[in-house]
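Spelled out, the chains give:
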Amino acid sequence: MKKFILVTRQWIYYIMTKLLLFCFIALTLHTLPVEAQKQLKSLRAYVKAKNTGEAMKEVARLEADSVCRMIPELYELAVKTQELINDVENEKVYLKQQCDTNKFFNSTLQIFNYAVKGDSVERSLNAGKKAKFKLRKKHAEMLRKYYPNLNMGARYFYTRGKFEEAKKLLEMSLLMARQPMWADQPVDSTHKEFVSNMYRYTYSAYISQDYTKVERYKHILLNMPEYEESVVEICARSAEKLGKTSDYEKYLRLGIGKFPHEEYFFEELAKIYMKAERYKDAVKLADWYYQTDTTSNKALRLKVQALYSMQSTDECVEVAKHLAKRDTLSQYPEVNYYVGQLMMSQIDSRTILDCKGADQLVGKGDMLFLAGNTPTRVQCAFVDTPEVEQIC
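Residues numbered from 1 in each chain as written. Predicted model: local features only at pLDDT ≥ 70, side-chain atom pairs only at ≥ 80, totals over all residues. Heavy atoms only, no water.

**Details of the overall build of the protein chain**
Okay, step 1: Looking only at helices and strands, one finds 16 helices and two strands in the protein chain.
Okay, step 2: Counting all 392 residues of the protein chain, 38% fall into the buried class.
Okay, step 3: Within the protein chain, contacts between residues at least 6 apart in sequence are counted, and of these 55% link residues at least 24 apart.
Okay, step 4: When the accessible surface of the protein chain is summed, it comes to about 24100 Å², and 56% of that surface belongs to carbon and sulfur atoms. (Helix = DSSP H or I, 4+ residues; strand = E, 2+ residues; numbered from the N terminus. Buried < 20%, exposed > 50% of the residue type's maximum accessible area, 1.4 Å probe, protein only. Contact = heavy atoms within 4.5 Å. Areas by Shrake-Rupley, 256 points an atom, 1.4 Å probe, with all protein chains shown as cover.)

Right under this line is the structure:
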């Protein structure tokens, strides 16, 4: 009986401890939002007094707090503050006073930024629940009113060469079109306008050296004839800046295949081949390019350089002489150097061997096999026909 009473007391003690712990946690969780709500009191007062400067300082302070940043009302008040800033500048325009255009469009961008943040917080808090999105309903109509200004601001900065500012507005404009806060009423924007904004965003990202974002809309823009050539070049240049060698070459191949008239693709691909000592690829590129444009001296120059590096003496001299005849403006004086060097090599070969051929050797096991009067260049150790037949 005593043992039973002892066990019962232990169980009662255990249950009471758990209940107290549960009550403490519940009280804490209930108190945190209340305390956080108190933190918004100053912000509400600043917004009510239209003190936008202090209000935005308070917004920044509260956003840094891990608890306060999860209160949707914080972002609602931030949106209202940015609306006040926007209204001040808009009123100046109406009254034909000097307006701070940068401030006007930046406040437009911030309205959307804080609306998106608030929607994200609501979605996080309501995850797995059948709850209504209060901010989404409040903001939807208001954002539609400001959306044209978002696009107007993007064009304003883009046409003035302020690509960093344009990129931010364009990014938000394209993002908002796919935001769930629009519910079943999509943004009223034509397909043409979207595609145009995608290109402006791509170009702005490249000019502002934000190369990682250049390819974001390439899958759409590469199917648009009016933007395709420019986008391929932008993607190629960005890949080069990021050190993505394979992507760089891929875009250059794509570009030269579709736009052979654009010299950038040919010249950059030629540099890759020559730098990597891919001389056969360089010769193939030169031949292909010359077929597409028989007036191209650049193709002949590339072929001369590649053949010279391969020590293909006779063919190199022949192409070089052909280029020299066509180069009436003396744009490629180095061709004469190549011809002279190759002719000197042939002279040296005749001096030593009493015939040409040594000028074709490039080392790495090269040798000449003399059968009759004409030497044949062979690679590495020579194996004659009977020995080959014995092995096979």
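After that view of the structure, there is still more to cover.
**What to know about empty space enclosed by the protein**
Okay, step 1: This model, assessed by the stated rule, comprises one cavity of 30 Å³ or more.
Okay, step 2: Of the pockets and cavities examined, the largest cavity occupies roughly 50 Å³.
Okay, step 3: Taken together, Tyr 211, Glu 215, Cys 235, Ser 238, Ala 239, Leu 242, Lys 244, Asp 247 and Tyr 251 make up the full set of residues lining the largest cavity.
Okay, step 4: Broken down by secondary-structure element, the contributors of at least two residues to the lining of the largest cavity are α9 (225–241) and α10 (245–258).
Okay, step 5: Its residues assigned to classes, the lining of the largest cavity comprises five nonpolar, one polar and three charged. (1 Å grid on protein atoms, 1.4 Å probe; cavity = no way out; pocket = protein on both sides within 12 Å on 5 of 7 lines; lining within 4 Å. Points joined across faces, edges and corners; volume = space filled by probe spheres on them. Nonpolar A, V, L, I, M, F, W, Y, C, P; charged D, E, K, R; others polar.)

**With respect to the confidence of the model for the protein chain**
Okay, step 1: Residue-level pLDDT values for the protein chain average 81, and 72% of them are 70 or greater.
Okay, step 2: Confidence over residues 346–354 falls short of pLDDT 50; this stretch has 14 contacts with residues more than four positions distant or in other chains. (pLDDT = per-residue confidence, 0-100.)

**Looking at the packing of helix α7 (residues 191–207) against α9**
Okay, step 1: It is at 10 Å that the axes of α7 and α9 come closest, and there the two elements cross at 30°. The pairing of α7 with α9 is recorded here as roughly parallel in orientation. The handedness of the crossing between α7 and α9 comes out as left-handed. Contact with α7, carried on its side by Val 195, Ser 196, Tyr 199, Thr 202, Tyr 203 and Tyr 206, involves Tyr 227, Ser 230, Val 231, Ile 234, Arg 237 and Ser 238 of α9 and no other residues of that element. (Axes fitted to C-alpha atoms, helices over the stretch in contact; angles between N-to-C directions. Parallel < 35°, antiparallel > 145°, perpendicular 65-115°, else oblique. Left-handed = near helix turned anticlockwise from the far one by under 90°.)

**Quick look at the packing of aromatic side chains**
Okay, step 1: For the structure shown, the criterion picks out 15 aromatic pairs.
Okay, step 2: Each ring, one from Tyr 158 and one from Tyr 203, has its centre 6.2 Å from the other, and the planes form 65°; the classification is edge-to-face. Of the two residues, Tyr 158 sits in helix α5 (residues 134–159) while Tyr 203 sits in helix α7, which places them 45 residues apart along the sequence.
Okay, step 3: Classification of Tyr 158 by relative accessible area gives buried; the value is 18%. (Phe/Tyr/Trp six-rings, centres within 6.5 Å; stacked < 30°, edge-to-face > 60°.)

**Considering helix α6 (residues 163–176)**
Since the α-helix packs 3.6 residues into each turn, any two residues three or four apart lie on the same face.
Okay, step 1: With 14 residues, α6 ought to run about 20 Å at 1.5 Å a step, and its terminal C-alpha atoms sit 20 Å apart, in line with that.
Okay, step 2: Looking at the buried residues of α6, the elements they touch are α4 (101–125), α5 and α7. (Expected span 1.5 Å × (residues − 1).)

**Looking at the side chain of Arg 200**
Okay, step 1: Locating Arg 200 in the fold gives a position in helix α7.
Okay, step 2: For the buried Arg 200, no salt bridge is present, and the opposite-charge side chain at shortest range is Glu 193, 6.8 Å distant.
Okay, step 3: In this structure the side chain of Arg 200 is engaged in a polar contact, spanning 3.0 Å, whose partner is the side chain of Asn 197.
Okay, step 4: Among residues more than four places away in sequence, those in contact with Arg 200 are Arg 155, Tyr 158 and Leu 170. (Lys, Arg positive; Asp, Glu negative; His and termini not counted. Salt bridge = Lys/Arg side-chain N within 4 Å of Asp/Glu carboxyl O. Polar contact = N/O pair within 3.5 Å; in protein donor to acceptor, adjacent residues only side chain to side chain.)

**A look at the environment of Ala 154**
Okay, step 1: Structurally, Ala 154 is set in helix α5.
Okay, step 2: For the pair Ala 154 and Leu 169, spaced 15 residues apart in the sequence, the C-alpha separation amounts to 5.2 Å.
Okay, step 3: Discounting chain neighbours no more than four positions away, the residues touching Ala 154 are Ala 166, Leu 169 and Leu 170.

**So, the nonpolar core**
Okay, step 1: By size, the foremost hydrophobic cluster in this structure holds 87 residues, and its most contacted members are Leu 43, Phe 112, Leu 221, Leu 252 and Leu 285.
Okay, step 2: The greatest single-element share of this core, amounting to nine residues, is contributed by α4.
Okay, step 3: Excluding its chain neighbours within four sequence positions, the residues that come into contact with Leu 43 are Ala 55, Glu 58, Val 59, Leu 62, Leu 74 and Leu 77. (Core = buried A, V, L, I, M, F, W, Y, C linked by side-chain atoms within 4.5 Å.)

**Quick notes on the pattern of salt bridges**
Okay, step 1: Here the structure, examined in full by the defined rule, presents 25 salt bridges.
Okay, step 2: In this structure, Glu 54 and Lys 57 form a salt bridge, with 3.6 Å as the shortest nitrogen-oxygen distance. Note that Glu 54 and Lys 57 are positioned in helix α2 (residues 52–63) at a spacing of three residues, about one turn of the helix.
Okay, step 3: A relative accessible area of 57% places Lys 57 in the exposed class.
Okay, step 4: Residue Glu 171 is joined to Lys 213 by a salt bridge in which the shortest nitrogen-to-oxygen separation is 3.6 Å. Taken together, the positions of Glu 171 in helix α6 and Lys 213 in the loop between α7 and α8 (218–221) put the pair 42 residues apart, joining distant regions of the chain.
Okay, step 5: In this structure Glu 171 comes out as partly exposed when scored by relative accessible area, which is 23%.

**Focus: the packing of α9 against helix α11 (residues 263–275)**
Okay, step 1: Where α9 meets α11, the closest approach of the two axes is 11 Å, and the angle between their N-to-C directions is 25°. Accordingly, the angle class assigned to the pair α9 and α11 is roughly parallel. For α9 against α11, the interelement crossing comes out left-handed. Across the interface between the two elements, Glu 229, Val 232, Glu 233, Ala 236, Arg 237 and Glu 240 from α9 touch Tyr 264, Phe 265 and Glu 268 from α11.
Okay, step 2: Per-class residue counts for the contact of α9 with α11 are four nonpolar, no polar and five charged.

**Side note on the environment of Lys 168**
Okay, step 1: Its place among the elements puts Lys 168 in helix α6.
Okay, step 2: We classify Lys 168 as partly exposed; its relative accessible area is 44%.
Okay, step 3: In sequence terms Lys 168 and Leu 150 are 18 residues apart; their C-alpha atoms lie 9.9 Å from each other.

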